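So the chains spell out like this:
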Amino acid sequence: MQFAGIETAVPELTPAYVRTDEEGNLRLIPYSFAGTTYFDEEMNQCVTEAAGADDFLSTWQEEVQTAYDAALAEDEELNTFVAALEASVAES
């Protein structure tokens, strides 16, 4: 992910699924944004079980989290921006 005005890109995995809308168009639906899930409880359970059942996904998640943490640690401007973004989302 790249934020406007911030040089360092942020590694991120974003689970999503595709569904057909009322007009027959395919839509990409993100699993979550800023900690808010858009799936119902049944879908949340399915996604959690699928991710936990695959060592590749767990390893990949850990690698991306490590890279994310390193990017924040290495770029003070990025770290400040992400902290403010998270605080703003938490307030809403």
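Everything discussed here concerns the structure shown above.
Our subject in this report is the structure included herewith. (Residues numbered from 1 in each chain as written. Predicted model: local features only at pLDDT ≥ 70, side-chain atom pairs only at ≥ 80, totals over all residues. Heavy atoms only, no water.)

Quick look at the nonpolar core
Step number 1: If you look at the biggest cluster of nonpolar residues, it comprises 8 residues: F3, I6, V10, Y68, A71, L72, L78 and V82.
Step number 2: Every element with two or more residues in this core is listed here: α2 (55-74) and α3 (76-91).
Step number 3: Each residue touching F3, except ones within four places of it in the same chain, is listed here: V10, L78, F81, V82 and L85. (Core = buried A, V, L, I, M, F, W, Y, C linked by side-chain atoms within 4.5 Å. Buried < 20%, exposed > 50% of the residue type's maximum accessible area, 1.4 Å probe, protein only. Helix = DSSP H or I, 4+ residues; strand = E, 2+ residues; numbered from the N terminus. Contact = heavy atoms within 4.5 Å.)

Comments concerning the side chain of D75
Step number 1: Tracing the backbone through its elements, the reader meets D75 in the loop between α2 and α3.
Step number 2: With no salt bridge to any partner, buried D75 finds its closest opposite charge in R27, at an N-O distance of 33 Å.
Step number 3: At a separation of 3.0 Å, a polar atom in the side chain of D75 contacts the main-chain amide nitrogen of L78. (Lys, Arg positive; Asp, Glu negative; His and termini not counted. Salt bridge = Lys/Arg side-chain N within 4 Å of Asp/Glu carboxyl O. Polar contact = N/O pair within 3.5 Å; in protein donor to acceptor, adjacent residues only side chain to side chain.)

Focus on α3
Step number 1: Over its 16 residues, α3 runs 23 Å from end to end, which matches the ideal 22 Å to within 8%, given 1.5 Å per residue.
Step number 2: Two to three positions downstream of the cap, the backbone nitrogen of E77 sits 3.0 Å from a side-chain oxygen, assigning the N-cap of α3 to D75. (Expected span 1.5 Å × (residues − 1).)

Examining the environment of P15
Step number 1: Inspection of the secondary structure puts P15 in the segment before β1 (16-20).
Step number 2: Between the C-alpha atoms of P15 and I29, which are 14 residues apart in sequence, the distance is 8.8 Å.

Some thoughts on the packing of α2 against α3
The description of two packed helices rests on the angle between their axes and on the distance between the axes.
Step number 1: Where α2 meets α3, the axes come as close as 5 Å, and the angle between the chain directions of the two elements is 110 degrees. Judged by the inter-axis angle, α2 sits roughly perpendicular to α3. The residues of α3 that touch α2, namely those facing Y68, A71, L72 and E74, are E76, L78, N79, V82 and E86.
Step number 2: The residue inventory of the contact of α2 with α3, partitioned by class, reads 5 nonpolar, 1 polar and 3 charged. (Axes fitted to C-alpha atoms, helices over the stretch in contact; angles between N-to-C directions. Parallel < 35°, antiparallel > 145°, perpendicular 65-115°, else oblique. Nonpolar A, V, L, I, M, F, W, Y, C, P; charged D, E, K, R; others polar.)

Examining the pattern of salt bridges
Step number 1: Counted according to the given criterion, the structure contains 1 salt bridge.
Step number 2: In this structure, the salt-bridge partner of D21 is R27, at a minimum N-O distance of 3.0 Å.
Step number 3: Relative accessible area serves as the criterion here: at 17%, D21 is assigned to the buried category.
Step number 4: Here R27 falls in the partly exposed class, since its relative accessible area comes to 41%.

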